Amino acid sequence: MTLDVKTLGDLYGKVAIGNQAMLGIMGNNRDISVGEIFMVYSQRDGHERVFFFRVSALQNYLRHVDDMARVAGTLMIEGDAYLSGIKRDMLLEVEGKMLGYAEMENGKYAFKSPRRLPDHLADVYRPVPGVSDKTVREMLSSQTGGEVLIGDLQVGEATLDVPVGIPAKFLPMHMGIYGSTGSGKSNLMMVMIKSILDSNLEGIRSPNEPRTRISAFCIDPHDEFAKGVTKFGIQNVVEAMDQDTRSAVIGDFYYLTTHLKATPREIQRYGREIRILWEEILPHDLYTIMDFTPQMVSFIDAQYAINKENWISAILDLTEDPDMVQKGTLNAVQRRLRFIERSPIFVRSGSSILDDVFVAMETGRVLVVNTSLMSDTEQFLLTTVVARSISDLRRAAKSSGTLGDFETQGQLRLPAPFFGRIKTKARSFYTKGGKSDDSGVRDPREMPVILVTVEEAPSILNPQLMQGQSVFKDISRQGRKFNIGLVVISQQVSVLDNVILSQMNTQVNLRLGNEHEIQACVDNASINISGMENEFRVMVKGDAILTASYRELPLPVHVPLFDTLFERDKGKYKPSKTARSSEKHTL
Amino acid sequence: MLERILTDEFRNQLKATFMDIRETQEKKDENELAKDEERLRHKLIDSIEPYRSDVVFDTDYMVSAVDGSGSSELATLNDVRVHLLSTSTIVLGTNTKNGAPFMPMDRVTLEAALGRAQPYVNSYWHSGVRGDAREKMAETLEDIYPVSKIPDLILPFFRDTTNGQIQSIADLSNSRYSEHAAMLQTMESLIFYGQFLTNTHVHDELRKASEYAAARAVITSDIRPKYVLLDGAMSMFLHQVGQYPIMPTGFMLRELCSVARDKRVVLCAVSKSHTIPGADRIAELAEEVIGKSNKWFCFLPGQDDPGGGLHILEKRTYIPPPLAVPYLFSFSQDNRPSRIDFDRVWWLQDIFVAGDPKKTRQNEKALFRDIEFMSRDARWYGYPVALALAHEECKLSYEDLRLAKEIADDVLQELGMGIRRTVELREDYNL
């Protein structure tokens, strides 16, 4: 025996019945909750394995009693009845799902799907925070590691010090975050943003270690991320950094908003106003977010072919239906475009934020986008334009052998004024070395991973809009090639389009509103979590079940409060004294 | 077979059988019982005044119970059968001072006091070869029951049955038992039906001896229980001519009773399934006399008791058993009456007061008050909890037995005797 079983936790019970999928355990009469994880120590045929088991149902069990209802009835009817020494006979029958098992291979734990069964009457251990953390961390390292923190491994109502994250390399395989109002989505987003900043900081501080930079365009529909939900927010992280660190991690700004003047002064310093020029919007962007009849699409495409990037101005300036266009089409299209005309963020002329967003995304930075003062349509169009622009640039790079090719591709795919402004920067990001047209182009997979969040996803990722020419359909299918990942955030799963759902390879399932949504979550999880419906029903704010196609184990996670994490880590955003003195000595 | 069982014809056959019983037996019993009805109502049935649930005794005491189980077919090697025997001894404290009545004694203390693991399991073999059978059975009984000297084993019976006139082996020669003295020499000679011993009979005797041995262990231990309960009746079958037990277990029972009296332990045997005729009618009478929800007991007198035996028991000579006093009781309206037997010698000393039926009744009521108090566990309400626990611990389920047989197979393999598998032969033919 190589494993010290004491490090597994408290000896809780014995395996009674079951198969490789479900187990029945007979355990002590303890305060167990659905969702707890137990470990079963087995030594069948000389193979030392630790099986992981998740509680799905509990039942009181009295030894020597086949009919509990009868005993309860007797206690009620015969007022003088007692139960002699009953504590010893009070047990819990625990039923649950086998999650898999850990086995040492070449000096390291490997985690495997539940293809085997623990030994007869094997001992069952209940993990204890402070005792079992290290062992569990080692055994589940292949299932829990990753730069983007989601939370700590949950064992019932407690958590172990086993951080659960998503590896950066899997972010371009897209991620769904599902949870009803009050399930903890905002806190989760803040925790994720913080861990992306932390990961990027780590990369900056250890330039010789290979570490993927992560960029994120994070929609903040309630303007909570910067200021925080309770005490601390991303602004506190930014302020905790010294000047050099801040400059390296967040650049000049991280906060985008519609009205900068309405922003608190301390955040204003790191803010920019969102302005997108009409010329940066393509017809596809609009087809992605709203319905157009075939006549309207045909009319818009024709206007785009004639007027190119000025197509919106051209249409809005028209006063009557052009020849060959069905009467009323112009009016209908103008009505649909009217929100652009009225919007403070989509402007006919002036300066655009899109250039800065592009630079930020290609340099591994995080942008918090306050959309609280935008209409839904404005928010959707903004997300679409940003996602499509970045995607088209990466696509152009991916399909080019040289910088010269890239420029040609960029001109074909992107609005000319925008590409004209950013092409020099783009060439510097995408070059393998050198500036000439003959210089080779880097593979996007060597560049920062770019995450784009899609909030209130059902409004634009529904089956009806996805039937058309949605930008997100392309990104969801091909984003992996371009190192771009979608983070689809939704209160409902059932209304999302199947194409989108099938492309989500990571799901963070928070508390859901009803049985229908729970079932949809179970049905669409990347790994089989059937039988875990009970656990969805007992989730509290911050509880989540993390499933991923690249992992064998569905992981119950509790997302820690952002404030707690910040309090814990705030000291690490300034260089350590040793590092500073070392620099001084070098100088 | 099922197609025959489900026919109307089968139902009609059963109907005829039951009608026949009613016509020939039950009506006769009803008539006999009717003769005792007044006596039952006014003298033999009485209510129990139960202790309050929160009663606190001045001195808490221990209650013990013993039960056994077994199988005569752990393994069959040619004509040799291996018997598996289990016993369980439970000791509970009344524990009223701590408000948790009938708390089981922890196993470590119990095992230390009894000197063996609990529950206890052992195996014995028995041969069906004539001659060998009796000898082997005697050897096994000597191994099981701790009293091996024959005078020590048999004298308690003769002492009790002659009111102390026989005190030694020498006294036997001057008594009516003198002509049977040769049969009272060894354990083997005490087995009267040696040549007719069936496997079931042998097993029952070994099991009974095991239970008596376990009871003796707890009575003589430092635990000092106030009550020791056995499962069953204190039945003892006597030689028709010699009027002494026809099997050694009869002597063992009397030796056990004698030790219990010496140690001031109340020994009683409780049987759920009894053969008291008219028990249901007695229960109806009890309900009429003392009300439906009450707890009651009913003394079943013998010929030597005041007023004589019941008419209904006249031709049933096995009730009351020799040297025993039976009662019927019920502690809940949901339970059919059960039977409890006491050692008659103890009963005459501690319960019966000659010429004072009132005092006798007071003693009986105090006795049943205790027994009722120990029978309130909600899992087995109305049945003594210690006995119920002993039963649960000793019983051999089908699964237990299957595993025991598998282990026996393994052991046979280890010993190179593996060809003779312990599984039943009929399994070879898928029967």
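Each value, and the rule that gives it
Residues numbered from 1 in each chain as written. Chains lettered and ligands numbered in written order. Predicted model: local features only at pLDDT ≥ 70, side-chain atom pairs only at ≥ 80, totals over all residues. Helix = DSSP H or I, 4+ residues; strand = E, 2+ residues; numbered from the N terminus. Rg over C-alpha atoms; globule rule 2.2 N^0.38 Å. Buried ≥ 20, exposed ≤ 12 C-beta atoms within 10 Å, placed from the backbone. Contact = placed C-beta atoms within 7 Å. pLDDT = per-residue confidence, 0-100. Core = buried A, V, L, I, M, F, W, Y, C linked by C-beta atoms within 7 Å. Domains from an automatic or database assignment. Nonpolar A, V, L, I, M, F, W, Y, C, P; charged D, E, K, R; others polar. Pairing = 2+ DSSP bridges. Axes fitted to C-alpha atoms, helices over the stretch in contact; angles between N-to-C directions. Parallel < 35°, antiparallel > 145°, perpendicular 65-115°, else oblique. Left-handed = near helix turned anticlockwise from the far one by under 90°. Expected span 1.5 Å × (residues − 1).

We now examine the overall build of chain B. The number of helices and strands found in chain B is 14 helices and 10 strands. Relative to its length of 431 residues, chain B is compact, with a C-alpha radius of gyration of 23 Å against a globular reference of 22 Å. Here chain B, with 431 residues, has 42% of them falling under the buried criterion. A sequence separation of at least 24 residues applies to 72% of the contacts in chain B between residues at least 6 apart.

So, about the overall build of chain A. When you go through chain A residue by residue, the secondary structure sums to 23 helices and 21 strands. Here the C-alpha radius of gyration of chain A, 28 Å, is about what a compact globule of 587 residues would show, namely 25 Å. Taking the principal axes of the C-alpha coordinates as reference, chain A spans close to 95 × 70 × 45 Å. Counting all 587 residues of chain A, 48% fall into the buried class. Long-range contacts, defined here as pairs at least 24 residues apart, represent 72% of the contacts in chain A between residues at least 6 apart.

Per-residue pLDDT for chain A has a mean of 91; in total, 98% of the residues score no lower than 70. Across residues 579-587 of chain A the pLDDT falls below 50, and counting only partners more than four positions away or on other chains, this stretch makes one contact in the model.

With that settled, the discussion passes to the nonpolar core. Among the nonpolar cores identified, the biggest contains 167 residues, and I193 and C218 of chain A are the most heavily contacted of them. Considering each element in turn, this core owes the most residues, 10 residues, to helix α14 (residues 376-398) of chain A. The next biggest cluster of nonpolar side chains, apart from the first, holds 117 residues, and it includes V202, M236, V270 and L387 of chain B.

Time to look at the domain arrangement of chain A. Residue and element names in this part refer to chain A. The domain boundaries assigned to chain A delineate domain 1 (5-139), domain 2 (164-274 + 353-436 + 446-566) and domain 3 (279-346). Domain 2 puts 24 residues into the contact, and the matching count from domain 3 is 15 residues. Listed by contribution, the elements that provide at least two residues to the side of domain 2 that touches domain 3 are α14, α16 (416-430) and α18 (471-482). With eight residues, α14 is the largest single contributor of residues to the side of domain 2 that touches domain 3. The residue makeup of the side of domain 2 that touches domain 3, split by class, is 15 nonpolar, seven polar and two charged.

All names here are of chain A. Sheet topology note: the strand β8 (residues 148-155)/strand β9 (residues 158-166) ladder contains six bridges and is antiparallel. Across the sheet, D152 pairs through a bridge with P163, a residue of β9. In sequence, β8 turns back onto β9 through a hairpin of two residues, with G156 there showing a positive phi of about 80°.

Quite often, the size of an interface is put as the accessible area lost when its parts meet. Every contact between the two is made by 12 residues of chain A and, on the other side, 15 residues of chain B. Among the residues making up the side of chain A that touches chain B, the classes are represented as six nonpolar, four polar and two charged.

The next point concerns the domain arrangement of chain B. Residue and element names in this part refer to chain B. By domain assignment, chain B separates into domain 1 (37-52 + 271-386), domain 2 (62-269) and domain 3 (400-429). Averaged C-alpha coordinates put domain 1 and domain 2 at centres separated by 25 Å. Contacts between domain 1 and domain 2 engage 19 residues on the former and 22 residues on the latter. Secondary structure elements with two or more residues in the side of domain 1 that touches domain 2: β10 (338-343), α11 (344-350) and α13 (385-394). Here the side of domain 1 that touches domain 2 takes five residues from β10, the largest share from any one element. When the residues that make up the side of domain 1 that touches domain 2 are grouped by side-chain class, the tally is 13 nonpolar, two polar and four charged.

Residues and elements named next belong to chain A. The N-to-C vectors of α14 and α18 enclose an angle of 40°; their axes lie 10 Å apart at closest approach. By the angle between their directions, the pair α14 and α18 is classed as oblique. In terms of crossing hand, the pair formed by α14 and α18 is left-handed. Seen from α14, the contacting residues are T384, A387, R388, S391, R394, R395 and K398; seen from α18, they are V471, I475, K481 and F482. Residues belonging to the contact of α14 with α18 are distributed by class as follows: four nonpolar, two polar and five charged.

Residue and element names in this part refer to chain B. The element strand β9 (residues 324-330) is largely enclosed, with a buried count of seven among its seven residues. Judged from the four bridges that link them, strand β8 (residues 296-299) and β9 form a sheet pairing that is antiparallel. Across the sheet, residue W296 finds its bridge partner in β9, namely S330. Here β9 pairs with β10 via six bridges, running antiparallel. Within the sheet, the bridge partner assigned to A324 lies in β10 and is D343.

All names here are of chain A. Within the secondary structure, F111 is located in strand β6 (residues 108-112). Residues F111 and F52, 59 residues apart in the sequence, show an inter-C-alpha distance of 9.8 Å. When near neighbours in sequence (up to four residues on either side) are disregarded, F111 contacts G100, A102, M139, L140, S142, Q143, E552 and L553.

On to unusual backbone geometry, then. All names here are of chain B. Omega for the peptide link from Q118 to P119 comes to -15°, which places this bond in the cis form. If you trace the backbone, P119 turns up in the loop between α3 (107-114) and β5 (120-127). Each neighbour pair has its own omega, and for I319 with P320 the value is -15°, a cis peptide bond. Within the secondary structure, P320 sits in the loop between β8 and β9.

This part is about the sheet that holds strand β18 (residues 484-490) of chain A. All names here are of chain A. In space, the 12 strands of this open sheet follow the order β9-β8-β21-β20-β19-β10-β18-β17-β11-β16-β12-β13, with mixed pairing throughout. The open sheet has two edge strands, β9 and β13 (271-273), and neither has a second partner. Neighbour to neighbour, the strand axes of the sheet diverge by 25° on average, direction disregarded. By the bridge criterion, three bridges tie strand β12 (residues 255-257) to β13 in an arrangement that is parallel. The residue of β13 that forms the bridge with Y255 is G271. Against the sheet, helix α5 (residues 185-205) touches β8, β9, β10 (175-178), β11 (214-220), β16 (366-370), β18 and β19 (506-509), its axis set at about 155° to β11.

Here we take up the confidence of the model for chain B. Predicted confidence across chain B gives a mean pLDDT of 90, with 96% of residues reaching 70 or more. If you check the scores for this complex, the pTM reads 0.72 and the ipTM reads 0.80.

As a further point, take helix α12 (residues 357-373) of chain B. Counted at 1.5 Å a residue, the expected span for α12 of chain B with its 17 residues is 24 Å, and the 24 Å between its end C-alpha atoms agrees. Elements that come into contact with the buried residues of α12 of chain B comprise β8, β9 and β10 of chain B.

Bringing the packing of helix α8 (residues 199-220) of chain B against helix α9 (residues 248-262) of chain B into the picture now. Residue and element names in this part refer to chain B. Put simply, α8 and α9 touch, their axes get as near as 10 Å, and they point 10° apart. Regarding the angle of α8 to α9, the classification is roughly parallel. Crossing geometry of α8 relative to α9 is assigned as left-handed. Contacts between α8 and α9 involve E205, K208, A209, Y212, A215, R216, I219 and T220 from the former and T249, M252, L253, L256, V259 and A260 from the latter.

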